[in-house]
Amino acid sequence: MATTREPIGVIGTGYVGLVTAAGFAELGSDVYCIDIDEAKIEGLRRGEIPIYEPGLEELVAKNSGRMHFSTDIGEALEHARLLFVAVGTPPTYSGDADLSAVYAVVDAMPPSDHHALVMKSTVPVGTGEAIRRRFEETGKSGFRYVSCPEFLKEGSAVQDFLHPDRVVIGDEGDWAGDAVAELYAPLDAPLVRTDIASAEMVKLASNAFLATKISFINEIANVCEETGADVIEVARGMGLDDRIGPKFLQPGIGFGGSCFPKDVSALKQLAGNSGYHFQLLNAVIEVNELQKRRVIGKLEKHLGELVGKRIALLGLAFKPNTNDMREASSLVLSARLQAAGATVSVYDPIAEDEARELIQGVRFATDALDCARDADAVVIVTEWDEFRSLDLGELAGVMAGQLIIDGRNALDPQAAVAAGLRYESVGRRLMTPPGQPYVGPERRTV
Ligand SMILES: NC(=O)c1ccc[n+]([C@@H]2O[C@H](COP(=O)([O-])OP(=O)(O)OC[C@H]3O[C@@H](n4cnc5c(N)ncnc54)[C@H](O)[C@@H]3O)[C@@H](O)[C@H]2O)c1
């Protein structure tokens, strides 16, 4: 890779910041990574990666000579003119985005005619304009601003950085937008150059659309359960229409994570604050909340009251290949189950440390079989590969009951019933071992 690439600063070394930093270092830039979390920076200096993200540790190690870690923002300002901002923008109680970390960075900037903030954090439409005004009011009107929203997916973030579907750059037509475009040029991705507000909206609208697609297929799955259709067949038939496409048509027990819930809510609030009632997003959010709770109804259908029942939750992270627990369905499920009087055991291959901070009153098991031991029912909450390759005979052997609820349609139903399990999934009929009665709606013959 070229070694004469422009040095950059990255402020905030979380999922987005660290991946962005390692990615640009891989492309040849010196990257000055800044965070307020001293322990995190100390760890990164020792080569310790604070998050689980496939390929990230190797990429940081490979480019360690070009990656510089500090808590002093002055270091980034000294060496780089482009400062990528990747600090968190979590939801507030009102559902709006909390921009306090973003403004902490904005206000830490000195007056300058040769620096630019490049916003990777997901922010409401209008934030760029508000920051530009803030710069003007505080004698920093020479500071440039670029919106460059991030679309990476946790679990495949390194791949997504190196092979993006598109790069979106919103700017005011000055040097900074061109400099950001130049940095991304080696990735050869379709480039959308636009104004700042539109770039901000691309990000929010993309996440809201994907969340809508998930809630839509979840509702189709729920209707399939009532009518005897099989949502896997339905999604396959729908997905072959290239106006629809097969992605994000996998039903489950609700979306979580650090982005979809908060970005959908932020867009809904943004619309509301501007006087527009975004009706569709209300439904998307409500369907998602209800979907997380549907597992409880399925358990009760088979087990009756859950008081004293032992339930094993396999998977805690909001999706596989990450240790991110933000808004994970497991949080709702473990709390609801305990409120209903059940005894809960849990297991996750990677996210146990993070989960221990958020989930109380459950038994943390050492592996899937340990988790399922003596359970009346097992629920697949996160579709880790490890669970797909479970020996279901062994699993059935350690359980006290026979019920498995596959919240992600991850297992082979035939293998489950062959192992003697009653297999309940999402959007498909209940499958029971031979000799046990089928419980559920009859297939319609019309
Ligand atoms: N995680 C994702 O998959 C993803 C994808 C696309 C966009 N985003 C957006 O990117 C932004 C960052 O998300 P994340 O998941 O990487 O967050 P994160 O919480 O993992 O990381 C944020 C980091 O910023 C640091 N920080 C906070 N205030 C700071 C300050 N004033 N100066 C320096 N560092 C500071 C924190 O210590 C933390 O290390 C959010 O706006 C998010 O919506 C996230």
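Check the entry above for the structure.
The text that follows walks through the structure, step by step, so that each part is easy to find.

Here is what the cut-offs are and how they apply
Residues numbered from 1 in each chain as written. Predicted model: local features only at pLDDT ≥ 70, side-chain atom pairs only at ≥ 80, totals over all residues. Heavy atoms only, no water. Axes fitted to C-alpha atoms, helices over the stretch in contact; angles between N-to-C directions. Helix = DSSP H or I, 4+ residues; strand = E, 2+ residues; numbered from the N terminus. Parallel < 35°, antiparallel > 145°, perpendicular 65-115°, else oblique. Left-handed = near helix turned anticlockwise from the far one by under 90°. Contact = heavy atoms within 4.5 Å. Nonpolar A, V, L, I, M, F, W, Y, C, P; charged D, E, K, R; others polar. Near = heavy atom within 4 Å. Polar contact = N/O pair within 3.5 Å; in protein donor to acceptor, adjacent residues only side chain to side chain. Areas by Shrake-Rupley, 256 points an atom, 1.4 Å probe, with all protein chains shown as cover. Buried < 20%, exposed > 50% of the residue type's maximum accessible area, 1.4 Å probe, protein only. Phe/Tyr/Trp six-rings, centres within 6.5 Å; stacked < 30°, edge-to-face > 60°.

## Focus on the packing of helix H11 (residues 260-273) against helix H12 (residues 279-303)
Step number 1: Following both chains from N to C, one finds H11 and H12 inclined at 150 degrees, their axes separated by 10 Å at the closest point. Regarding the angle of H11 to H12, the classification is roughly antiparallel. In terms of crossing hand, the pair formed by H11 and H12 is left-handed. When H11 is examined against H12, the residues Val264, Ser265, Leu267 and Lys268 are found in contact with a partner set consisting of Leu281, Asn282 and Ile285.
Step number 2: Within the contact of H11 with H12, the residues separate by chemical class into four nonpolar, two polar and one charged.

## What about unusual backbone geometry?
Step number 1: For Asp188, which is not glycine, the phi torsion reads 55 degrees and is therefore positive.
Step number 2: Looking at the element boundaries, Asp188 is found in the loop between helix H8 (175-184) and strand S8 (191-194).
Step number 3: The phi dihedral of Asp374 is positive, around 65 degrees, even though this residue is not glycine.

## Side note on the site of the ligand
Step number 1: Taken together, 27 residues form the shell around the ligand, and within it Asp35, Lys40, Thr89, Glu154 and Lys262 come nearest.
Step number 2: With respect to the ligand, the backbone of Val16 contributes an N or O atom lying 2.8 Å from an oxygen atom.
Step number 3: The contact in question runs from an oxygen atom of the ligand to an N or O atom on the side chain of Asp35, over 2.6 Å.
Step number 4: Notes on the ligand: free accessible area 830 Å², of which the protein chains cover 88%.
Step number 5: Counting residues per element, the shell around the ligand draws most heavily on helix H5 (residues 100-108), which supplies three residues.

## Quick notes on the environment of Asp263
Step number 1: Summarising the element assignment, Asp263 is placed in helix H11.
Step number 2: What makes Asp263 buried here is its relative accessible area of 1%.
Step number 3: Not counting the four nearest positions on each side in its chain, Asp263 is found in contact with Thr122, Lys203, Leu204 and Asn207.
Step number 4: Side-chain polar atoms of Asp263 contact the side chain of Asn207, separated by 2.7 Å.

## Looking at the packing of helix H9 (residues 196-227) against H12
Step number 1: Between H9 and H12, whose axes approach to 9 Å, the crossing angle comes to 45 degrees. Taken together, H9 and H12 sit at an angle that is classed as oblique. In the crossing of H9 with H12, the sense of the turn from one axis to the other is left-handed. Counted together, Ala208, Ala211, Thr212, Ser215, Asn218, Glu219, Asn222 and Glu225 of H9 and Leu280, Leu281, Val284, Val287, Asn288, Gln291, Arg294 and Lys298 of H12 form the full contact between these two elements.
Step number 2: Looking at side-chain class alone, the contact of H9 with H12 contains six nonpolar, six polar and four charged residues.

## A word on the packing of aromatic side chains
Step number 1: Scanning the model with the defined rule gives nine aromatic pairs in all.
Step number 2: Here Phe24 and Phe161 contribute two aromatic rings whose centre-to-centre distance is 5.0 Å and whose plane-to-plane angle is 85 degrees, an arrangement assigned as edge-to-face. Here Phe161 lies in helix H7 (residues 157-162) and Phe24 lies in helix H1 (residues 15-26), a separation of 137 residues in the sequence.
Step number 3: Taken together, a centroid distance of 6.1 Å and an interplanar angle of 55 degrees make the contact between Phe248 and Phe260 tilted. Here Phe248, found in the loop between helix H10 (231-239) and H11, pairs with Phe260, found in helix H11; they are 12 residues apart in sequence, far enough to count as distant.
Step number 4: Since its relative accessible area comes to 27%, Phe248 is described here as partly exposed.
Step number 5: Clustering of aromatic rings is evident, with ring pairs tying together Phe24, Phe84, Phe161 and Tyr184.

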